[in-house]
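Understanding the architecture of this molecule
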Amino acid sequence: MEKSMLHEKHKVVVPAPLETTLRILQDVESMDGWIRPYLPRRPRVSATTTVLERTSSGAPRLVRLKTSAAGIGDTSLTEYVWTDTGCRTMLRASKVLRASNAAIDLLPIAAGTLLTLEATVELKIRLPKLVELSFHKYQQDFTSAVTRAFIAEGRRRSAGVHQR
């Protein structure tokens, strides 16, 4: 039986220098706070992020994420590999996801930083077609919300305002 898989590629211009954009990505523990105002009201999403291990430079290396959305809860463990211009993430454990990998690449441009995200997510179970369509619609809405939030956070941090 074929499993439910989602593959997405997005590009967004973040109005902040590359170094600031990289710091935003590395600040995974505060991400829920600045994304939350942009999320759709339904389904309600809760998330708690904990950095379990850090690199020698202080960037998150191993992250636990507890999430709940639309009645589905999960605790996942993700490994981050950082470069000077982005990161790669690989799922190490999850009750709901079979696989989740992402590549985030940053490129300095005149307007700030071009962020390119390519992600693949595979669920452990096959969803009924109607539920899968709802899942994909929610994923699109969530991605749009995160994009708007990331742009706003880039503006805030470039202006020297850091929200905790």
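This section reports on the structure supplied with the text. (Residues numbered from 1 in each chain as written. Predicted model: local features only at pLDDT ≥ 70, side-chain atom pairs only at ≥ 80, totals over all residues. Heavy atoms only, no water.)

1. Digging into the packing of aromatic side chains
As a reminder of what qualifies: Each Phe, Tyr or Trp ring, with Trp reduced to its six-membered ring, pairs with another whose centre is within 6.5 Å; inter-plane angles below 30 degrees give stacked pairs, above 60 give edge-to-face pairs, and intermediate values give tilted ones. Strands are runs of DSSP state E lasting at least two residues, helices are runs of H or I lasting at least four, and both sets are numbered from the N terminus onward. For every residue, the accessible area obtained with a 1.4 Å probe (protein chains only) is divided by the maximum for its type, and the residue is called buried under 20%, exposed over 50%, and partly exposed between those limits.
What the rule picks out here adds up to 2 aromatic pairs. A ring pair is formed by Trp 34 and Phe 150, whose centres lie 5.5 Å apart and whose planes are at 75°; its orientation type is edge-to-face. Of this pair, Trp 34 sits in helix α2 (residues 31-35) while Phe 150 sits in helix α3 (residues 129-158), and the two are 116 residues apart along the sequence. With a relative accessible area of 7%, Phe 150 lands in the buried category.

2. A word on the pattern of salt bridges
Where we set the bar: Salt bridges are defined as contacts in which a side-chain nitrogen from Lys or Arg sits within 4 Å of a carboxyl oxygen from Asp or Glu.
Within this structure, the stated rule accounts for 10 salt bridges. The closest approach of N and O atoms between Asp 27 and Arg 157, which form a salt bridge, is 2.8 Å. With Asp 27 in the loop between α1 (18-26) and α2 and Arg 157 in helix α3, this residue pair connects regions lying 130 residues apart in the sequence. You can call Asp 27 buried: its relative accessible area is 10%. Arg 157 gets classed as buried once you look at its relative accessible area, which sits at 14%. Residues Arg 61 and Glu 53 are paired through a salt bridge, measuring 2.3 Å at the closest nitrogen-oxygen approach. Judged by its relative accessible area of 32%, Glu 53 falls in the partly exposed class.

3. Section: the pairing of strand β7 (residues 112-123)
Here is the rule we go by: Strands qualify as paired when DSSP identifies two bridges or more between them.
Where strand β1 (residues 5-14) meets β7, 10 bridges bridge the pair, whose relative direction is antiparallel. Bridging from a neighbouring strand, Val 12 pairs with Leu 115 of β7. As paired elements, strand β6 (residues 97-109) and β7 share 12 bridges and run antiparallel to each other. Of the residues in β7, the one forming a bridge with Ala 102 is Ala 119. As consecutive antiparallel partners, β6 and β7 are separated by 2 residues.

4. Concerning the pairing of strand β5 (residues 86-93)
Two elements, strand β4 (residues 72-83) and β5, share 7 bridges in a ladder whose sense is antiparallel. Residue Thr 83 lies in a different strand from β5, and its bridge partner there is Gly 86. Relative to β6, β5 is paired through 5 bridges, and the arrangement is antiparallel. Pairing of Thr 89 across the sheet is with Ala 102, part of β6. Turn length for the β5-β6 hairpin, with the two strands adjacent in sequence and antiparallel, is 3 residues.

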